[in-house]
Amino acid sequence: MENGETRLMEPVISIRNLSKRYAGGHEALKNVSLDINRGEIFALLGPNGAGKTTLISIVCGIVNASEGSITADGHDIVRDYRAARTKIGLVPQELHTDAFEPVWSTVALSRGMFGKRPNPALIEKILRDLSLWDKRKAKILELSGGMKRRVMIAKALSHEPDILFLDEPTAGVDVELRRDMWELVRQLRESGVTIILTTHYIEEAEEMADRVGVISKGELILVEEKTELMKKLGRKRLTLNLSEPLTEIPANLSDWALSLGADGLELYYDFDANADRTGVPSLLRRMSDLGIAFKDLATHQSSLEDIFVSLTTDRGGDGGRAAHRTNGRGNGDRENNGTSGRAGEAE
Amino acid sequence: MSVGAFNRHGVWAIYRFEMHRFLRTIWTGLATPVITTSLYFVVFGSAIGSRMSDINGIDYGAFIVPGLMMLSLFNESIFNASFGIHMPRFLGTIYEPLSAPLSAFELVLAYVGAAVTKATAISLVILTTANLFVPVSILHPFWMVLFLLLVATTFCLFGFIVGIWAKGFEQLQIIPMLIVTPLTFLGGAFYSIEVLPEPWRTITLFNPVVYLISGFRWTFYGSSDVAIGVSVLATFGFLLLCLAVIWWIFRTGYRLKA
Ligand SMILES: Nc1ncnc2c1ncn2[C@@H]1O[C@H](COP(=O)(O)OP(=O)(O)OP(=O)(O)O)[C@@H](O)[C@H]1O
Ligand SMILES: [Mg+2]
């Protein structure tokens, strides 16, 4: 009955209408539906307290869902938890370790727990890859924070998961180690592992992810291919520093999507960087016709971070953080995001 | 790759890990019971025991051996089992067994199994130490071992519950200190309840520990203050109660899963 071909096409993780209310009544997740494709790197972004860890914890079986259902590789995570969990590895956000135990035995323990027979050669390889081999006999409490983080990764890799959750794998990790970690993640993906990671470093998602999901206040507000997202939202902004302040945007310039800075001295023009005609030369020509002089000009390409901030602040997310950066931004693209976010639900 | 009905690698890995923790500190783990037992014999066996008459024809020093073993078994069972499950909760490492393909039964088997092994081993060390001071004979060795394991399992299950219930290390100590130790001292570890005057004798019969110590003493000397059948039944009753509570804990995720 099970056709291998179609199995491969199916999402490796399928989350349907997931909600979570904690005992205190806090609604950490609200009706989240999301599909993770086999073999992809999926980055889950969102401000502190958005519900990222909650989502991951439910999939891994550490937190009970209030409503909704989840399958991992086609297995229901509750009814068929054994089959589902065998596939899943987790590197949690917090550095929870058996502080008094040596590195080797705690990594070997992880492998055993997941039902795999002992394999010292594999554990040696993992420890070497993570530069932990010299520390294999050291008690974990003797390790630095970055090393502990790597022990957590070694534990998750020790049982050869097909699906790997990395909850802020690079938090508190130095630049070099972060690069190593990115490299490791890429290698894992090449070997066919599906990776779901959360991060607060947007450049991390930008650098690595195939798809990006943004979660804010328990709601999944966007799921998009990263390149698509960058293209769609990869807006450029031209900033003109005017010689004389304007009180309003002249009617003659209504063909361009312009906005004015609070002091009237900055004029912004948001445009699609990928379009054949950006409208920049004609705008500048029209302005000189109208005698509006400017002292300086600059263009700025929006990054995932801008997109992310605009999305989450728009939802009243994480306070007014960087709200000023989105003031002049056309409302249009935010609207787009909101609706394209449900891509995961389409079947 | 195959997903068996029983995760034996998982159970074994946790069991070994727990035993490893114990073996690493084996000298402190064993020194305490050995020294304590020796002190008991110096005080009760030699100093007081020499002035005590035999109880039911048993030398006083030998009489207290089963009680001492039970005393240690209760404490070590509760301590090891509660500590074994409380530690991962405290450290946060509990996320791993919870996310592993392990059933509640397998988790309990691994953690409680390790605690039973430790507690039983320690009470056998006590028996060996005691044998240096007084000649101990065991009339029913088979029943002795069985009784030892039954009581250890029951109290380890109880300890497991305490370890999940406790919100900190202080609470971990409260139950053994406030309930188990008093009940044990009043449970006929150092005397036969027959020597008690009347209302106390009847009141003592409501103390479940009396049945355990008395029943265990029967496996040594063939004499008991209470019916051995009642002892075994009471132990089984308590065991089933603990199992029911643990079943409920895993069903609801009480203090394990948010
Ligand atoms: N065990 C719990 N009991 C009650 N509330 C909780 C619990 N765990 C998390 N929460 C709440 O749920 C919300 C989501 O928390 P979660 O840890 O999922 O956020 P997050 O997106 O991972 O944040 P961060 O980026 O800071 O890691 C928060 O408001 C948090 O306070
Ligand atoms: Mg988190």
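Reading the values: the criteria
Residues take numbers from 1 onward in each chain, read along the sequence in its written order. The lettering of chains begins at A and the numbering of ligands begins at 1, in the order of writing. Whole-chain, interface and lining totals are the exception, using all residues; otherwise, since this is a predicted model, local features are given only for residues with pLDDT of at least 70 and side-chain atom pairs are given and counted only at 80 or more. Derived side-chain values reflect all non-hydrogen atoms in the structure, with water molecules and hydrogen atoms excluded from consideration. UniProt positions are given in the numbering used here, feature names are shortened, and annotations may be inferred rather than shown by experiment. The numbering of helices and of strands both runs from the N terminus, where a helix is a DSSP run of H or I of at least 4 residues and a strand a run of E of at least 2. Burial classification: accessible surface area is computed with a 1.4 Å probe over protein chains only, and a residue below 20% of its type maximum counts as buried, one above 50% as exposed, and the rest as partly exposed. In this description, contact between two residues means that some pair of their heavy atoms is separated by no more than 4.5 Å. Shrake-Rupley sampling with a 1.4 Å probe provides the accessible areas, and residues are treated as covered by the protein chains on show and by no other component. Residues adjacent in sequence count toward polar contacts only when both atoms are side-chain atoms; beyond that, a polar contact is any pair of N or O atoms within 3.5 Å, and within protein one must be able to donate a hydrogen and the other to accept it. Salt-bridge detection follows one rule: a side-chain nitrogen of Lys or Arg within 4 Å of a carboxyl oxygen of Asp or Glu. As used in this record, nonpolar core signifies buried Ala, Val, Leu, Ile, Met, Phe, Trp, Tyr and Cys residues forming a set joined through side-chain atoms within 4.5 Å. A pair of strands is considered paired only if DSSP assigns at least 2 bridges between the two. Between N-to-C directions, angles cover 0 to 180 degrees, with each direction set by a line fitted to C-alpha atoms, over the stretch in contact for helices. To be near a molecule or strand, a residue needs just one of its heavy atoms within 4 Å of it. Only Asp, Glu, Lys and Arg are considered charged in this grouping, and only Ala, Val, Leu, Ile, Met, Phe, Trp, Tyr, Cys and Pro are considered nonpolar; every other residue, Gly among them, is considered polar. Donor selection uses N, O and S atoms within 2.8 Å of the metal (3.2 Å for Na, K and Ca). Since no water is included, sites may look incomplete. By convention, a stacked pair of Phe, Tyr or Trp rings (six-membered ring in the case of Trp) has centres within 6.5 Å and planes under 30 degrees apart, an edge-to-face pair has planes over 60 apart, and any other such pair is tilted.

The name given to chain B in an unreviewed UniProt entry is Transport permease protein, and the organism recorded there is Allosphingosinicella deserti. The UniProt entry for chain B carries the following comment under Sequence similarities (unreviewed entry): "Belongs to the ABC-2 integral membrane protein family."

Student: What exactly am I supposed to notice about the overall build of chain A here?
Tutor: On a plain count of helices and strands, chain A comes out with 12 helices and 14 strands. A total of 347 residues make up chain A; the buried ones form 52% of that total. Look at the contacts in chain A between residues 6 or more apart in sequence, and 68% of them connect residues 24 or more apart. Total accessible area on chain A stands at roughly 16,100 Å², and carbon and sulfur atoms take up 47% of it.

Student: So what exactly am I meant to see when it comes to the side chain of His86(B) here?
Tutor: Residue and element names in this part refer to chain B. Checked against the element boundaries, His86 lands in helix H3 (residues 60–91). Within the structure, the side chain of His86 is placed 3.0 Å from the backbone oxygen of Gly163, a separation counted as a polar contact. When near neighbours in sequence (up to four residues on either side) are disregarded, His86 contacts Gly163, Ala166, Lys167, Gly168, Phe169 and Leu172.

Student: Please clarify how unusual backbone geometry should be interpreted in this entry.
Tutor: Residues other than glycine predominantly adopt negative phi, and peptide bonds predominantly adopt the trans conformation. For Asn17(A), which is not a glycine, the phi torsion comes out positive at approximately 45°. Checked against the element boundaries, Asn17(A) lands in strand S1 (residues 13–21).

Student: Please explain the pattern of salt bridges as it appears in this structure.
Tutor: A pair can form between side chains of opposite charge whenever their charged atoms are brought close. One pass over the structure, following the stated rule, counts 21 salt bridges over all chains. Two residues, Lys87(A) and Asp162(A), come together in a salt bridge whose shortest N-O distance is 3.9 Å. In this pair, Lys87(A) is assigned in helix H3 (residues 81–87) and Asp162(A) in the loop between helix H6 (145–157) and strand S7 (163–167), connecting sequence segments 75 residues apart. Classification of Lys87(A) as buried rests on a relative accessible area of 12%. A salt bridge links Glu18(B) to Lys118(B); the shortest N-O distance between them is 3.9 Å. Of this pair, Glu18(B) sits in helix H1 (residues 8–24) while Lys118(B) sits in helix H5 (residues 104–133), placing them 100 residues apart in sequence. Residues Glu18(B) and Lys118(B) agree in their burial class; the two are buried.

Student: Even after reading the chapter, I still don't get the UniProt feature "transmembrane region" (unreviewed entry) in chain B, so can you show me in this structure?
Tutor: Residues and elements named next belong to chain B. Within the UniProt annotation, "transmembrane region" (unreviewed entry) is assigned to residues 26–48, 60–87, 107–130, 142–166, 172–191, 203–220 and 226–250. End C-alpha atoms of residues 60–87 are separated by 40 Å, and the span's content is 100% helix alongside 0% strand. Structurally, residues 203–220 comprises 83% helix and 0% strand, and the distance from its first C-alpha atom to its last is 25 Å.

Student: Looking at this model, I keep getting lost on the nonpolar core. Mind explaining?
Tutor: Across soluble globular proteins, nonpolar side chains show a tendency to be buried alongside one another. With 79 residues, the main nonpolar core has Val65(B), Met70(B) and Phe220(B) as its most contacted residues. What Val65(B) contacts, discounting residues up to four positions off in sequence, is Phe41(B), Leu127(B), Ala130(B), Val134(B), Val136(B) and Phe220(B). Judged by nonpolar contacts, the second largest core, of 77 residues, contains Ile140(A), Trp182(A), Ile195(A) and Ala205(A).

Student: Mind showing me how you'd approach the sheet that holds strand S12 (residues 258–260) of chain A here?
Tutor: Whether parallel or antiparallel, the strands of a sheet pair through hydrogen bonds between backbone atoms. Residue and element names in this part refer to chain A. Within the open sheet, the 4 strands sit side by side as S12-S13-S11-S14. Their pairing is antiparallel. Bordering the open sheet on either side are S12 and strand S14 (294–301), each of which pairs with just one other strand. Direction aside, the axes of adjacent strands within the sheet are offset by 20° on average. The pairing of strand S11 (residues 235–242) with strand S13 (residues 266–272) spans 7 bridges and is antiparallel. Of the residues in S13, the one forming a bridge with Lys236 is Phe271. Lying on the sheet, helix H10 (residues 280–290) is in contact with S11, S12, S13 and S14; it crosses S11 at an angle near 20°.

Student: How should the site of ligand 1 be read in this particular structure?
Tutor: By nearness alone, 15 residues border ligand 1, and Asn48(A), Gly49(A), Lys52(A), Thr53(A) and Thr54(A) come closest of all. Positioned at a junction of chains, ligand 1 has nearby residues supplied by chains A and B. Taking Tyr22(A), its side chain carries an N or O atom lying 3.3 Å from a nitrogen atom of ligand 1. One of the backbone N or O atoms of Gly49(A) is found 2.8 Å from an oxygen atom in ligand 1.

Student: I keep staring at the interface of chain A and chain B and nothing clicks. Help me out?
Tutor: Counting residues at the interface gives 35 residues for chain A, matched by 33 residues for chain B. Joining chain A to chain B, the criterion identifies 4 salt bridges. Here Arg21(B) and Glu101(A) are joined by a salt bridge, their closest N and O atoms 3.8 Å apart. In this assembly, chain A and chain B are joined by 14 residue pairs in polar contact (both at pLDDT 80 or more). Elements with a minimum of two residues in the side of chain A that touches chain B: H3, helix H4 (103–113) and H6 of chain A. Here the residues of the side of chain A that touches chain B sort into 15 nonpolar, 10 polar and 10 charged.

Student: Looking at this model, I keep getting lost on the coordination of the magnesium ion (ligand 2). Mind explaining?
Tutor: Under perfect tetrahedral coordination by four donors, a metal shows angles of 109.5 degrees; under perfect octahedral coordination by six donors, it shows angles of 90 or 180 degrees. Looking at the metal site, the magnesium ion (ligand 2) is ligated by Thr53(A) (OG1) and Gln93(A) (OE1), spaced 1.9 to 2.1 Å from it. Residue Thr53(A) is located in helix H2 (residues 52–60), and its partner Gln93(A) is located in the loop between strand S6 (88–91) and H4; the two are separated by 40 residues in the primary sequence.

Student: I'm lost on the packing of aromatic side chains in this one. Help?
Tutor: For any pair of aromatic rings, geometry is given as the distance between the ring centres together with the angle between the planes. Residue and element names in this part refer to chain B. Applying the stated criterion across every chain yields a total of 19 aromatic pairs over all chains. Ring geometry for Phe83 versus Phe169: centroids 6.0 Å apart, planes at 50°, classification tilted. With Phe83 in helix H3 and Phe169 in helix H7 (residues 169–185), the pair connects residues that are 86 residues apart, well separated along the chain. A relative accessible area of 27% means that Phe169 is categorised as partly exposed.

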